[in-house]
Amino acid sequence: MRHLAALAAGLVFGLGITISGMANPAKVLNFFDFFGTWDPSLALVMAAALVVTAIGYRLVLARRAPLFDVKFYVPTSTLLDRRLIGGAAIYGIGWGLVGLCPGGLVPALTFGASEPFVFLAAMLFGMTVARMAPSMIMTRVKPA
């Protein structure tokens, strides 16, 4: 049942991303083009998503446990470290340059264009490098 609930949530999310235009790189890039063909409609999508999320968190976290698990897995760290800020910056720069993010990528893969597949390959490569980098750096640093 957990897998069906996850599938349903993913389908609703993907449908929302597609309907809102966030899977369309041109629309996303126009949102970031403040001095050109600026399209503010995605700001409304993001604002609506924040409202729905806030209400959803209130309703769901009022329960003792989730429907299909024994406990909630909510982040507890409030630390703003280099990794978090750097990752957010890389994410934002990539989204602004390409017009795709991981959430919009999955629905965009179904449109038949080649660009989302190139983005997927680059994203997977970046994730691999990011996971390998800390261990590679630590093996090169020798204690004095």
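Our structure is the block above this text.
Residues numbered from 1 in each chain as written. Predicted model: local features only at pLDDT ≥ 70, side-chain atom pairs only at ≥ 80, totals over all residues. Heavy atoms only, no water.

## Quick notes on the overall build of the protein
Helix and strand content of the protein: six helices and zero strands. Helices (α) and strands (β) of the protein occur, in sequence order from the N terminus, as α-α-α-α-α-α. Against the 2.2 N^0.38 benchmark of 15 Å for 144 residues, the protein shows a C-alpha radius of gyration of 19 Å, more extended than a compact globule. Along the three orthogonal principal directions, the C-alpha set of the protein runs to about 55 × 50 × 30 Å. Residue pairs at least 24 apart in sequence account for 42% of intrachain contacts in the protein once pairs closer than 6 positions are excluded. Surface accessibility of the protein: about 11,300 Å² in total, with carbon and sulfur atoms responsible for 73%. (Helix = DSSP H or I, 4+ residues; strand = E, 2+ residues; numbered from the N terminus. Rg over C-alpha atoms; globule rule 2.2 N^0.38 Å. Contact = heavy atoms within 4.5 Å. Areas by Shrake-Rupley, 256 points an atom, 1.4 Å probe, with all protein chains shown as cover.)

## Thoughts on helix 4 (residues 82-98)
When the terminal C-alpha atoms of helix 4 are compared, their 24 Å separation across 17 residues agrees well with the 24 Å that a helix rising 1.5 Å per residue should span. G99 occupies a position one or two residues after helix 4 and carries a positive phi of about 85°. (Expected span 1.5 Å × (residues − 1).)

## Looking at the packing of aromatic side chains
All chains considered together, the criterion is met by three aromatic pairs. For the ring pair F31 and F32, a centre distance of 5.2 Å and an interplane angle of 65° mean the geometry is edge-to-face. Overall, the relative accessible area of 10% leaves F31 in the buried class. For the pair F32 and W95, a centre-to-centre distance of 5.0 Å together with 85° between the ring planes defines the contact as edge-to-face. Separated by 63 residues along the polypeptide, F32 in helix 2 (residues 25-32) and W95 in helix 4 bring together distant segments of the chain. (Phe/Tyr/Trp six-rings, centres within 6.5 Å; stacked < 30°, edge-to-face > 60°. Buried < 20%, exposed > 50% of the residue type's maximum accessible area, 1.4 Å probe, protein only.)

## Digging into a nonpolar patch on the surface
Taken together, the side chains of V51, I55, Y57, L59, V60, L61 and V74 present a nonpolar region at the surface, about 650 Å² in accessible area. Its location among the elements puts Y57 in helix 3 (residues 41-61). Of the residues examined, Y57 reaches a relative accessible area of 47% and is grouped as partly exposed. (Patch = residues over 30% accessible without salt bridge, like charges linked within 9 Å, V, L, I, M, F, W, Y side chains within 5 Å. Salt bridge = Lys/Arg side-chain N within 4 Å of Asp/Glu carboxyl O.)

## Comments concerning the packing of helix 2 against helix 3
For any two helices packed against each other, one specifies the crossing angle of their axes together with the interaxial distance. Running from N to C, helix 2 and helix 3 point in directions that differ by 95°, and their axes come no closer than 8 Å. Here helix 3 runs roughly perpendicular to helix 2, going by the angle between their axes. On the side of helix 2, the interface is formed by K27, V28 and F31, while helix 3 contributes S41, L42, A43 and M46. (Axes fitted to C-alpha atoms, helices over the stretch in contact; angles between N-to-C directions. Parallel < 35°, antiparallel > 145°, perpendicular 65-115°, else oblique.)

## Focus on the packing of helix 2 against helix 4
Relative to each other, helix 2 and helix 4 sit at 110°, their axes nearing to 7 Å. It follows from the interaxial angle that helix 2 and helix 4 lie roughly perpendicular. Listed contacts from helix 4 to P25, V28, L29 and F32 of helix 2 are W95, G96, L97 and V98. Looking at the contact of helix 2 with helix 4 residue by residue, the class counts come to seven nonpolar, one polar and no charged. (Nonpolar A, V, L, I, M, F, W, Y, C, P; charged D, E, K, R; others polar.)

That is the geometry; function is a separate question.
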